[in-house]
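As a plain string of letters, each chain reads:
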Amino acid sequence: MTVNGWLQIAVTLCLVLLTVKPLGVWMTRVFAGEVYFLAPVERRFYRWAGIDPNKDQHWTAYGFSMLGFSAVCFVGLYLLLRWQDLFPLNPANQPAVPPDLAFNTATSFVTNTNWQSYAGESTMSHFSQMAGLTVQNFISAAVGICLAVTLIRGFARASSKGLGNFWADLVRCTLYILLPMSVVIAIVFVAFGVPQNFAAPVEAHTLQGATQLIAQGPVASQEAIKMLGTNGGGFFNANSAHPYENPSAFTNLIQMWAIFSLGAALTYVFGRMVKNQRQGWTILAAMMVLVVAGIAGVYAAESAGNPHFATLGLDSTANWEGKETRFGMAATAIFSVMTTAASCGAVNGMFDSFTPLGGLVPMFNIQLGEIIVGGVGSGLYGMLLFAILAIFIAGLMVGRTPEYVGKKIEAKEVKLTMLAILVLPLSILGLTALASVLPSATDSLANHGPHGFSELLYAYTSGTGNNGSAFAGLNANTPFFNMTIGLAMLIGRFLMIVPMLAIAGSLAAKKVVPPSAGTFPTTGGLWVGLLIGTILIVGGLVFFPALALGPIVEHLSMQAGTLW
């Protein structure tokens, strides 16, 4: 570890923190209906769809609208991929996507996971990239933000049956937040060398005399929303390690900022809407503590590297395998934690080549439900679910009334919270156990022993956590993995959302309880510590046995001199 590396970490996080308030203020105004300079466009959308944007929806109506919309998006994207060869803008003549891969990809992009069991440049046409994948990048990100706002409204409203209007929230989020920011970021990317064209692959001749096809296309437009919407699906197979997706240290910095920008700003939206800004800052503080701890863990593990390197006569034991040399070890460590602390999945290094503990941190980030800043929307509502659990535990320990931001937390909210939280381990551990005993699944592994188990565990962790990054070393483009990882994505997205919406509806119907001597304080350092402790204890109890079989035993074996 170096001073320069820590300076890079500090600059990146400071850039995120500097934009929390301005973005938070803007987002609050958008969802309050105070931004309307595109009102004519809005009205046309509502009129074409036959929607009354002023109609307040009960949580069940909001949920059915979201589920129905997501189902239509899935069917549309699936058919587009299956008929890809019939559409224009296909200069490389890409064939139709096979049924199991089309199912996996449609599920992936509709759930904001963007897991890719394929190489983008050799599988998707320009039309599929733009009209299919990029469109879903916008829509799935907007849905996540809207859902977070509904839970905030649940805390902010009193004696209310409604949580807002899904269609109005979706349109406003897309028009006033995602589209303008993506246009600006895409222009910046183009200015710094990211391609944006409709050209066919270019034929190049290498120094050895071989012929190589270099793919290009509408990269910048997809790259912008990929990072801003914490989607993560790359135009190219190498993702943000590819020089066309991420040409320089500056674009790398912009990408890392974009991953965290909206998720961090939503904490400010929370404080502003519940009319207690300290609540928002407290949530952000808990997130940042976990982020810094994760970055320090990866950076330390990769800097320490592998002790076996010394026996080979190398000057350093640091692990440079899997790192993009244009960015360095510190930038790769930051990126790996930010992309898994959020539900992004973009990578500028290969986790499969990290040290065992260096790979453990990104995996554990996702297993916690990506509440550490998290995806756009999903991070905040995941963190608020843990806040409900933490305040309930605090009430039991100290005998105080379990209240959070003026709402009494009762048995119904706690049961629904546990249902939402336990969905993740059920999917991750259950599907990993199934895959680990099936020869047809283990045959897809590139490694055996604990590292091979880590590859399986990470695949279902990433799918269920709607992250989309891969540990690599696993051939996931098989019918078994395409279907089971697709199932994991659906479970991780929708079986967590439904109980969360029920909690929001329950909270909105309650009256605000004024603070009293029996109210547990939720704005100080004690609360931050309790919240972080609850997150780590729950995550540790659930996932430690599985992690012990993978990265932990691999690390101990490495230290003992055992190689796999």
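Quick note: structure is the one above.
Quantities reported herein were computed from a predicted structural model and do not represent experimental measurements. (Residues numbered from 1 in each chain as written. Predicted model: local features only at pLDDT ≥ 70, side-chain atom pairs only at ≥ 80, totals over all residues. Heavy atoms only, no water.)

Take the overall build of the protein chain next. Of regular secondary structure, the protein chain possesses 20 helices and 4 strands. Taking 564 residues into account, the globule formula puts the C-alpha radius of gyration at 24 Å, and the protein chain, at 23 Å, falls close to it. In terms of overall dimensions, the protein chain has a C-alpha envelope of 75 × 60 × 45 Å along the principal axes. When each of the 564 residues of the protein chain is scored for burial, the buried share is 59%. Considering only contacts within the protein chain whose residues lie at least 6 apart along the sequence, 78% involve residues at least 24 apart. With an accessible surface of roughly 21100 Å², the protein chain has 68% of that area assigned to carbon and sulfur atoms. Positive and negative charge centroids in the protein chain, built from 25 and 23 side chains respectively, lie 21 Å apart. (Helix = DSSP H or I, 4+ residues; strand = E, 2+ residues; numbered from the N terminus. Rg over C-alpha atoms; globule rule 2.2 N^0.38 Å. Buried < 20%, exposed > 50% of the residue type's maximum accessible area, 1.4 Å probe, protein only. Contact = heavy atoms within 4.5 Å. Areas by Shrake-Rupley, 256 points an atom, 1.4 Å probe, with all protein chains shown as cover. Lys, Arg positive; Asp, Glu negative; His and termini not counted. Charge placed at Lys NZ, Arg CZ, Asp CG, Glu CD.)

Turning our eyes to something else, we now look at the packing of aromatic side chains. To describe a pair of aromatic rings, you give the distance between the ring centres and the angle between the ring planes. Inspection of every chain in the model, using the stated rule, returns 23 aromatic pairs. Ring geometry for Phe155 and Tyr404: centres 5.5 Å apart, planes at 85°, overall edge-to-face. In this pair, Phe155 sits in helix α7 (residues 126–156) while Tyr404 sits in strand β3 (residues 403–404), placing the two residues 249 residues apart along the sequence. Of the two residues examined, Phe155 and Tyr404, each falls in the buried class. One aromatic cluster in this structure is built from Tyr62, Phe69, Phe166 and Trp167. (Phe/Tyr/Trp six-rings, centres within 6.5 Å; stacked < 30°, edge-to-face > 60°.)

Attention now goes to empty space enclosed by the protein. Applying the stated criterion across every chain, the model contains 4 cavities of 30 Å³ or more. Size it by volume and the second largest cavity reaches roughly 130 Å³. Taken together, 17 residues make up the lining of the second largest cavity; nearest its centre are Gln367, Leu368, Phe386, Ile421 and Leu424. Of all the elements in the fold, those that place two or more residues in the lining of the second largest cavity are α15 (378–398), α16 (411–436) and α20 (525–560). The biggest single contributor to the lining of the second largest cavity is α16, with 5 residues. (1 Å grid on protein atoms, 1.4 Å probe; cavity = no way out; pocket = protein on both sides within 12 Å on 5 of 7 lines; lining within 4 Å. Points joined across faces, edges and corners; volume = space filled by probe spheres on them.)

What follows deals with the side chain of Ser65. Looking at where Ser65 falls in the secondary structure, it is placed in helix α4 (residues 59–82). On the accessibility criterion, Ser65 (11% relative accessible area) is buried. Once residues lying within four places of it in the same chain are set aside, the contact partners of Ser65 are Gln57, Phe166 and Trp167.

Quick look at α16 now. Structural remark: α-helix, 3.6 residues per turn; residues separated by three or four positions point the same way. With 26 residues, α16 extends 37 Å between its outermost C-alpha atoms, agreeing within 8% with the 38 Å of an ideal straight helix rising 1.5 Å per residue. The largest bend along α16 reaches roughly 25° and is located at Leu422, with the proline Pro425 sitting one to four residues downstream. (Expected span 1.5 Å × (residues − 1). Bend = angle between axes of the 7 residues up to and from the residue.)

Let us look at the packing of helix α2 (residues 20–31) against helix α8 (residues 166–191). Between α2 and α8, whose axes approach to 9 Å, the crossing angle comes to 150°. Here α2 lies roughly antiparallel to α8, going by the angle between them. Note on packing geometry: the crossing formed by α2 with α8 is right-handed. From α2, Leu23, Trp26, Met27, Val30 and Phe31 reach across to α8, where they touch Asp169, Arg172, Cys173, Tyr176, Ile177 and Met181. Here the contact of α2 with α8 is built from residues that sort into 9 nonpolar, no polar and 2 charged. (Axes fitted to C-alpha atoms, helices over the stretch in contact; angles between N-to-C directions. Parallel < 35°, antiparallel > 145°, perpendicular 65-115°, else oblique. Left-handed = near helix turned anticlockwise from the far one by under 90°. Nonpolar A, V, L, I, M, F, W, Y, C, P; charged D, E, K, R; others polar.)

Moving on: the environment of Leu163. In this structure, Leu163 sits in the loop between α7 and α8. Overall, Leu163 belongs to the buried group, its relative accessible area being 0%. The sequence separation of Leu163 and Gln57 amounts to 106 residues, and the corresponding C-alpha distance is 5.9 Å. Setting aside residues up to four positions removed in sequence, Leu163 forms contacts with Asp56, Gln57, Trp59, Tyr62, Thr150, Arg153, Gly154, Arg157, Leu501, Ala504, Gly505 and Ala508.

Here we come to a nonpolar patch on the surface. There is a patch of nonpolar side chains on the surface, built from Val75, Leu79, Trp83 and Leu86 and spanning about 400 Å² of accessible area. By the element assignment, Leu86 lies in the loop between α4 and α5 (99–110). (Patch = residues over 30% accessible without salt bridge, like charges linked within 9 Å, V, L, I, M, F, W, Y side chains within 5 Å. Salt bridge = Lys/Arg side-chain N within 4 Å of Asp/Glu carboxyl O.)

With that settled, the discussion passes to the nonpolar core. Ranked by size, the top nonpolar core spans 143 residues in total, and within it Ile145, Phe155, Leu178, Leu262, Phe270, Tyr404 and Leu531 carry the most contacts. When residues of this core are assigned to their parent elements, the largest contribution, 14 residues, is made by helix α10 (residues 249–273). Membership of the second largest hydrophobic core comes to 14 residues, among which are Leu431, Tyr460, Ala476 and Met489. (Core = buried A, V, L, I, M, F, W, Y, C linked by side-chain atoms within 4.5 Å.)

What follows concerns the side chain of Gln136. Structurally, Gln136 can be placed in helix α7. The buried category is assigned to Gln136, whose relative accessible area is 7%. When sequence neighbours within four positions are dropped, the list of residues in contact with Gln136 reads Cys73, Leu77, Phe109, Val110 and Ala141.

Turning our eyes to something else, we now look at the pattern of salt bridges. Taken as a whole, this structure holds 10 salt bridges when the rule is applied. The shortest N-O distance in the salt bridge between Glu302 and Lys323 comes to 2.7 Å. Taken together, the residues span a long stretch of sequence, with Glu302 in helix α11 (residues 277–304) and Lys323 in the loop between α12 (308–311) and α13 (328–341) at a distance of 21 residues. On the accessibility criterion, Glu302 (1% relative accessible area) is buried. Members of the salt-bridge network, linked through shared partners, are Glu223, Lys226 and Glu245.

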